[in-house]
Amino acid sequence: MLPFFAQKLLAVGGAITGHDAPQILKSTATATGYSLGNVTGVQVGDLVTVHLHGQGDSNVLNPTNFTATLGGVSMGAPINQTASTSSGVFVAGAAFQFVAGAAGNLALDVNMALACRGVIAVVWLERGYDAGTPRGLIHAPGSGTSSVTTQAVPPSGFTTGRNGNTYKVSVSIKGGDVTSVAMSGVDGSGTTTSGGTNATSDLSIAYGWKMTPTFTAIAPSASWTTSARAVGLGTETNL
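**A few points about the sheet that holds strand β10 (residues 148-152)**
The pairing of strands in a sheet happens through backbone hydrogen bonds and is either parallel or antiparallel. Read across the open sheet, the three strands follow the order β10-β15-β12; overall the sheet is antiparallel. Looking at which strands have only one partner, the edges of the open sheet turn out to be β10 and β12 (182-184). Strand after strand, the sheet turns through a mean of 25° between neighbouring axes, direction not considered. Alignment of β12 against strand β15 (residues 221-228), held across three bridges, turns out to be antiparallel. Bridge assignment links alanine 182 to a residue of β15, and that residue is serine 223.

As structure tokens, this is what we get:
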């Protein structure tokens, strides 16, 4: 259940907004805790979704232990998580979500429980959503112990739950050296690394978003050319 800190939401023309304007905060440092900087332009009542990805420093990351605070307020336990399950330098991800109770440019601080070689947070601020039932389905697939060149996020045949719902997706890939990273099956997308192009010290990420004016089957998927382990996160928001 979402921690709610505000009851009044901003109505925005009967449609969700903000799903197409993610903010990226990241670090290539080796650390356990990170002060990633500010999420800008937060308004009271925003549905804040954070997809937090990290690359372990020769350990098995357990994303159920990841934590995040926004403006000094805990975002609660992850709503979903996924990880490569071998000991080594591999990726893991956890999604967080809550309703903002403060406005402004708010600091995002995260703790990965174990040392990472880099982290990336994709942050969405959405308005105009269903305040009673904001969260739709969530997904967290991963490649397990296999190196791959593609990672789909929702299961095959996933259909959004309502007209006007949004779906936010991110996939992290071991190594900042992977090439031709792309996200398909979305309305818009982007790619980045944790800060460098090292094969073992950095991670790459593809992220994207989609709105379905009429509820329909969607199939977001990331692809790249350098075989590597990967994990994905997907979160649906209800209109």
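**What to know about the packing of aromatic side chains**
Here the structure, examined in full by the defined rule, presents one aromatic pair. Both rings, one in phenylalanine 158 and one in tyrosine 167, keep their centres 5.4 Å apart while their planes meet at 45°; by these two values the pair is tilted. In this structure, phenylalanine 158 and tyrosine 167 share a single accessibility class: buried.

**Side note on unusual backbone geometry**
If you check the backbone angles, serine 58 has positive phi at about 60° while not being a glycine. One can find serine 58 in the loop between β3 (47-56) and β4 (67-70). On the basis of relative accessibility, which here comes to 44%, the residue serine 58 falls in the partly exposed class. The residue serine 180 is not glycine, and still its phi comes out positive at about 55°. Along the chain, serine 180 turns up in the loop between β11 (165-174) and β12.

**Let's talk about the pattern of salt bridges**
Following the criterion strictly, the structure yields five salt bridges and no others. Aspartate 46 is paired through a salt bridge with arginine 127; the nearest N and O atoms lie 2.6 Å apart. Highlighted residues: aspartate 46 in the loop between β2 (31-42) and β3 and arginine 127 in the loop between β8 (104-126) and β9 (135-139), separated in sequence by 81 residues. The pair formed by aspartate 46 and arginine 127 is uniform in burial state, with each residue classed as buried.

Cut-offs used in this document
- Residues numbered from 1 in each chain as written.
- Predicted model: local features only at pLDDT ≥ 70, side-chain atom pairs only at ≥ 80, totals over all residues.
- Heavy atoms only, no water.
- Pairing = 2+ DSSP bridges.
- Helix = DSSP H or I, 4+ residues; strand = E, 2+ residues; numbered from the N terminus.
- Axes fitted to C-alpha atoms, helices over the stretch in contact; angles between N-to-C directions.
- Phe/Tyr/Trp six-rings, centres within 6.5 Å; stacked < 30°, edge-to-face > 60°.
- Buried < 20%, exposed > 50% of the residue type's maximum accessible area, 1.4 Å probe, protein only.
- Salt bridge = Lys/Arg side-chain N within 4 Å of Asp/Glu carboxyl O.

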